[in-house]
Amino acid sequence: MTTTTSPRVLEHPTRDQIRLEEVLHALSDAVRLRIVRDMAREDTELSCSYFDLPVTKSTTTHHFRVLRESGVIRQVYRGTAKLNCLRRSDLDALFPGLLDSVLAAAGAQAGREGEEGTA
């Protein structure tokens, strides 16, 4: 008997599988960093439609996949919605201070560039 994986269950790395270089790669893109900043600010599960991003839907899907596969976020289906949350406890346990430092630096940069309300 073959067991198939439900398409409604998304693969995530375990805490031990999260690699620093993959996290840094995921956070190095401006759109992905914006997503993470929004998630950190809201501190709750957010649907993909919550994010108003300046890219196509397929590119948005790509960015969320990179964040999920790197271990930065967790995605789960609730009904028809895909909800996203920051894996802060995993990241803080593995790389203490990294997420806070990146978010603070991104906020400072946004402030210098005149971006308001997104810190």
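Report on the accompanying structure. Given the structure is predicted, the values throughout are model-derived calculations rather than measurements. (Residues numbered from 1 in each chain as written. Predicted model: local features only at pLDDT ≥ 70, side-chain atom pairs only at ≥ 80, totals over all residues. Heavy atoms only, no water.)

**Describing helix H2 (residues 30-42)**
Next, step 1: Between its terminal C-alpha atoms H2 stretches 18 Å, which fits the 18 Å expected from 13 residues at 1.5 Å a residue.
Next, step 2: For H2, the full list of buried residues reads Val 31, Arg 32, Leu 33, Ile 35, Val 36, Arg 37, Asp 38 and Met 39.
Next, step 3: In the core, the buried residues of H2 are packed alongside helix H1 (20-27), strand E1 (46-47), helix H3 (57-70), strand E2 (73-78), strand E3 (81-86) and helix H5 (98-112).
Next, step 4: Residue Asp 29 occupies the N-cap position of H2, its side-chain oxygen lying 2.9 Å from the main-chain nitrogen of Val 31.
Next, step 5: Directly after H2, the chain includes Asp 43, whose backbone phi takes a positive value near 50°. (Helix = DSSP H or I, 4+ residues; strand = E, 2+ residues; numbered from the N terminus. Expected span 1.5 Å × (residues − 1). Buried < 20%, exposed > 50% of the residue type's maximum accessible area, 1.4 Å probe, protein only. Contact = heavy atoms within 4.5 Å. Polar contact = N/O pair within 3.5 Å; in protein donor to acceptor, adjacent residues only side chain to side chain.)

**A short note on the packing of aromatic side chains**
Next, step 1: Within the structure shown, the criterion is met by 2 aromatic pairs.
Next, step 2: With a centroid separation of 5.2 Å and an interplanar angle of 85°, the aromatic rings of Tyr 50 and Phe 51 are classed as edge-to-face.
Next, step 3: The exposure class of Phe 51 is buried, given its relative accessible area of 8%.
Next, step 4: With centroids separated by 5.4 Å and ring planes inclined at 65°, the aromatic side chains of Phe 51 and Phe 64 adopt a geometry described as edge-to-face. (Phe/Tyr/Trp six-rings, centres within 6.5 Å; stacked < 30°, edge-to-face > 60°.)

**Digging into the side chain of Arg 87**
Next, step 1: Here Arg 87 lies in the loop between E3 and helix H4 (88-94).
Next, step 2: At 2.8 Å, the side chain of Arg 87 and the backbone oxygen of Pro 13 are in polar contact.
Next, step 3: Beyond its immediate stretch of four places on either side in the chain, Arg 87 contacts His 12, Pro 13, Thr 14, Arg 15, Ile 18, Gly 71, Val 72, Ile 73 and Arg 74.

**With respect to the pairing of E3**
Next, step 1: Sheet topology places E1 next to E3; 2 bridges connect them, and they run antiparallel. The residue bridging Leu 46 from the neighbouring strand is Asn 84, located in E3.
Next, step 2: Taken together, the 6 bridges between E2 and E3 define a ladder with antiparallel strand orientation. Its bridge partner being in E3, Val 76 is matched across the sheet by Leu 83.
Next, step 3: Linking E2 back to E3 in an antiparallel pair, the connection comprises 2 residues, with Gly 79 at a positive phi of about 65°. (Pairing = 2+ DSSP bridges.)

**Some details on the pattern of salt bridges**
Next, step 1: With the rule as written, the count across this model stands at 9 salt bridges.
Next, step 2: With a closest N to O distance of 3.4 Å, Glu 69 and Arg 65 form a salt bridge. Of this pair, Glu 69 and Arg 65 both sit in helix H3, separated by 4 residues, roughly a single helical turn.
Next, step 3: For Arg 65, a relative accessible area of 34% gives the class partly exposed.
Next, step 4: As a salt-bridge pair, Arg 88 and Asp 100 come within 2.8 Å of each other at their nearest N and O atoms. Here Arg 88, found in helix H4, pairs with Asp 100, found in helix H5; they are 12 residues apart in sequence, far enough to count as distant.
Next, step 5: In this structure Arg 88 comes out as partly exposed when scored by relative accessible area, which is 26%.
Next, step 6: Its relative accessible area of 43% is what places Asp 100 among the partly exposed residues.
Next, step 7: Through salt bridges with shared partners, one network takes in Arg 15, Arg 87 and Asp 90. (Salt bridge = Lys/Arg side-chain N within 4 Å of Asp/Glu carboxyl O.)

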